[in-house]
Amino acid sequence: MRLTRFTDVALRVLMRLAVVENGEPPTTREVAATMRVPYTHAAKVVARLQHLGLVEARRGRGGGLALTGAGRTASVGGVVRELEGAGDVVECEGDTPCPLLAACRLRSALRRAQEAFFAELDPLTVTELVASPTGPLLVGLGTGRPDTG
């Protein structure tokens, strides 16, 4: 299974926000630059994460992005499911349905594999994603220099 670019960016944004300490919260533009993604793409991701209650965005002086409590404890599997949707890995019933649909064993095998993928991600929280060594590296990215310690 391959994640969409949208989900990839969303997970990286959540990870970046999980390491923000008591300093000024970063803006969407700053997070986009740090994570090396286009601002417009990051803005769409942030809007979706805000809609899901995982990120809080404040405008104006003193504004910026912050991870909510729900964002910190969110299951990575749950976030990926929400962003990717619950669809099958392959499209069997689309505009041109697969001729094997009535007796296909591949579809159920792929569904089990997809559930195993999510089962691996379900117990992992956003906060756990940024445990060392990832968190210090992310902090260093935010300042433009690696954090060694």
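One can find the structure itself at the top, above this paragraph.
Here's what I pulled together on the structure shown here.

Thresholds, definitions, all that
- Residues numbered from 1 in each chain as written.
- Predicted model: local features only at pLDDT ≥ 70, side-chain atom pairs only at ≥ 80, totals over all residues.
- Heavy atoms only, no water.
- Helix = DSSP H or I, 4+ residues; strand = E, 2+ residues; numbered from the N terminus.
- Buried < 20%, exposed > 50% of the residue type's maximum accessible area, 1.4 Å probe, protein only.
- Contact = heavy atoms within 4.5 Å.
- Areas by Shrake-Rupley, 256 points an atom, 1.4 Å probe, with all protein chains shown as cover.
- Lys, Arg positive; Asp, Glu negative; His and termini not counted.
- Charge placed at Lys NZ, Arg CZ, Asp CG, Glu CD.
- Core = buried A, V, L, I, M, F, W, Y, C linked by side-chain atoms within 4.5 Å.
- Axes fitted to C-alpha atoms, helices over the stretch in contact; angles between N-to-C directions.
- Parallel < 35°, antiparallel > 145°, perpendicular 65-115°, else oblique.

### Points about the overall build of the protein
So, point 1. On a plain count of helices and strands, the protein comes out with eight helices and two strands.
So, point 2. Helices (α) and strands (β) of the protein occur, in sequence order from the N terminus, as α-α-α-β-β-α-α-α-α-α.
So, point 3. In terms of its C-alpha atoms, the protein occupies a principal-axis envelope of roughly 60 × 30 × 25 Å.
So, point 4. Across the 149 residues of the protein, 31% fall into the buried class.
So, point 5. Taking the contacts inside the protein whose residues are at least 6 apart along the sequence as the reference set, 65% of them involve residues at least 24 apart.
So, point 6. Carbon and sulfur atoms make up 54% of the accessible area of the protein, which totals about 9400 Å².
So, point 7. Side chains of the protein give 18 positive and 16 negative charges; the mean places of these two sets differ by 5 Å.

### With respect to the nonpolar core
So, point 1. By size, the foremost hydrophobic cluster in this structure holds 31 residues, and its most contacted members are Val13, Leu14, Leu49 and Val55.
So, point 2. Of all elements in the fold, only α1 (5–18), α2 (28–35), α3 (39–51), β2 (64–67), α5 (76–84) and α6 (106–121) reach the threshold of two or more residues within this core.
So, point 3. For this core, the element with the most residues is α1, which contributes eight residues.
So, point 4. With residues near it in sequence (within four places) discarded, Leu49 still touches Ala10, Val13, Leu14, Leu54 and Val55.

### Some words on the packing of α1 against α3
So, point 1. α3 packs onto α1 with a crossing angle of 75° between their chain directions and a minimal axis gap of 9 Å. Classified by the angle between their axes, α1 and α3 sit roughly perpendicular to one another. On the side of α1, the interface is formed by Arg5, Phe6, Val9, Ala10, Val13 and Leu14, while α3 contributes His41, Lys44, Val45, Val46, Arg48 and Leu49.

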